[in-house]
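The residues making up each chain are set out below.
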Amino acid sequence: MSTQMVLDESDIETLNKFFLESMPDFVEHLALIGRAIELLDFIARRPSKDPSVEVSIQRLAIRTINSAGAVSKLNIAGYYQPAISQIRDLIELGHLLEYFASDWTLVSEWGSAEEKERRRKFDPVKVREALEKLDTSPKDRKQSYRLFSSHGTHVTPEGFVA
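Summarised in this report is the structure supplied together with it. (Residues numbered from 1 in each chain as written. Predicted model: local features only at pLDDT ≥ 70, side-chain atom pairs only at ≥ 80, totals over all residues. Heavy atoms only, no water.)

Another aspect to go through is the overall build of the protein. The helix and strand tally for the protein stands at nine helices and zero strands. If you line up the protein on its principal axes, its C-alpha atoms span 50 × 35 × 30 Å. Residues classed as buried in the protein amount to 25% of the 162 residues present. Put simply, of all contacts in the protein between residues at least 6 apart along the chain, 60% involve residues at least 24 apart. For the protein, the exposed surface amounts to about 11300 Å²; the carbon and sulfur share of it is 60%. Computed over 21 positive and 25 negative side-chain charges, the inter-centroid distance for the protein is 7 Å. (Helix = DSSP H or I, 4+ residues; strand = E, 2+ residues; numbered from the N terminus. Buried < 20%, exposed > 50% of the residue type's maximum accessible area, 1.4 Å probe, protein only. Contact = heavy atoms within 4.5 Å. Areas by Shrake-Rupley, 256 points an atom, 1.4 Å probe, with all protein chains shown as cover. Lys, Arg positive; Asp, Glu negative; His and termini not counted. Charge placed at Lys NZ, Arg CZ, Asp CG, Glu CD.)

Let us now look at the pattern of salt bridges. Counted under the stated rule, the structure contains five salt bridges. With a shortest N-O distance of 3.8 Å, Arg119 and Glu115 are connected by a salt bridge. Of this pair, Arg119 and Glu115 are both found in helix 7 (residues 115-122), four residues apart, which corresponds to roughly one turn of the helix. (Salt bridge = Lys/Arg side-chain N within 4 Å of Asp/Glu carboxyl O.)

What follows covers a nonpolar patch on the surface. The grouping of Leu39, Phe42 and Ile43 at the surface amounts to a nonpolar patch, some 290 Å² of accessible area in total. Structurally, Leu39 can be placed in helix 3 (residues 24-45). (Patch = residues over 30% accessible without salt bridge, like charges linked within 9 Å, V, L, I, M, F, W, Y side chains within 5 Å.)

Let us look at helix 4 (residues 51-77). If you check helix 4, its first and last C-alpha atoms are 39 Å apart, about what 27 residues at 1.5 Å a residue would give, namely 39 Å. Those residues of helix 4 that fall on the buried side of the exposure criterion are Val53, Ser56, Ile57, Leu60, Ala61, Thr64, Ser67, Val71, Ile76 and Ala77. Looking at the buried side of helix 4, the elements it contacts are helix 2 (10-21), helix 3, helix 5 (80-102) and helix 6 (105-112). Of the residues one or two after helix 4, Gly78 is the one with positive phi, at around 90°. (Expected span 1.5 Å × (residues − 1).)

Here we take up the nonpolar core. Of all hydrophobic cores here, the largest spans 14 residues; its most connected members are Leu60, Leu96, Tyr99, Phe100, Trp110, Phe122 and Val127. The element contributing the most residues to this core is helix 5, with four residues. Look past the residues within four positions of Tyr99 in its chain and what remains in contact with it is Leu106, Phe122, Val127, Ala130, Leu131 and Leu134. (Core = buried A, V, L, I, M, F, W, Y, C linked by side-chain atoms within 4.5 Å.)

A separate point is the side chain of Asp135. As for its position among the elements, Asp135 is in the loop between helix 8 (124-134) and helix 9 (141-153). Excluding residues within four positions of it along the chain, Asp135 makes contact with Glu98 and Arg141.

Honestly, that's just the spatial picture; any functional story needs more than this.
Here you go:
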């Protein structure tokens, strides 16, 4: 591996784009992601009766858009582990938004809580536990979160396995 990769990703980007654009599923997924980002943009601009809810939703939408964009850019450039770390961020955002969808008043509570209280009630593990209690069809959120944590966010031996 040359140091050129760190300084100039253009060859890697060209190869990755060629590979991805040749996959019909990828093109479909990219269109779906585009529509999801448009929906987030619409939601972020939608006025709310409660300004604290409006600001919280706008911030979450912006963070989701930023993280999704970072995943795309990092992957294309060949920086796969940082991209995985951003996917974990998207998983956390998804869990939080799913939790808010169960009770819209949680948005205001989350946005106005002091840090200690917010961590006690809305820490990622607390949100996953709350969602598990609400689930009618259980999902393995913990396993996917752990996978993306060990392969992209935390330095572990598993994170270096291709």
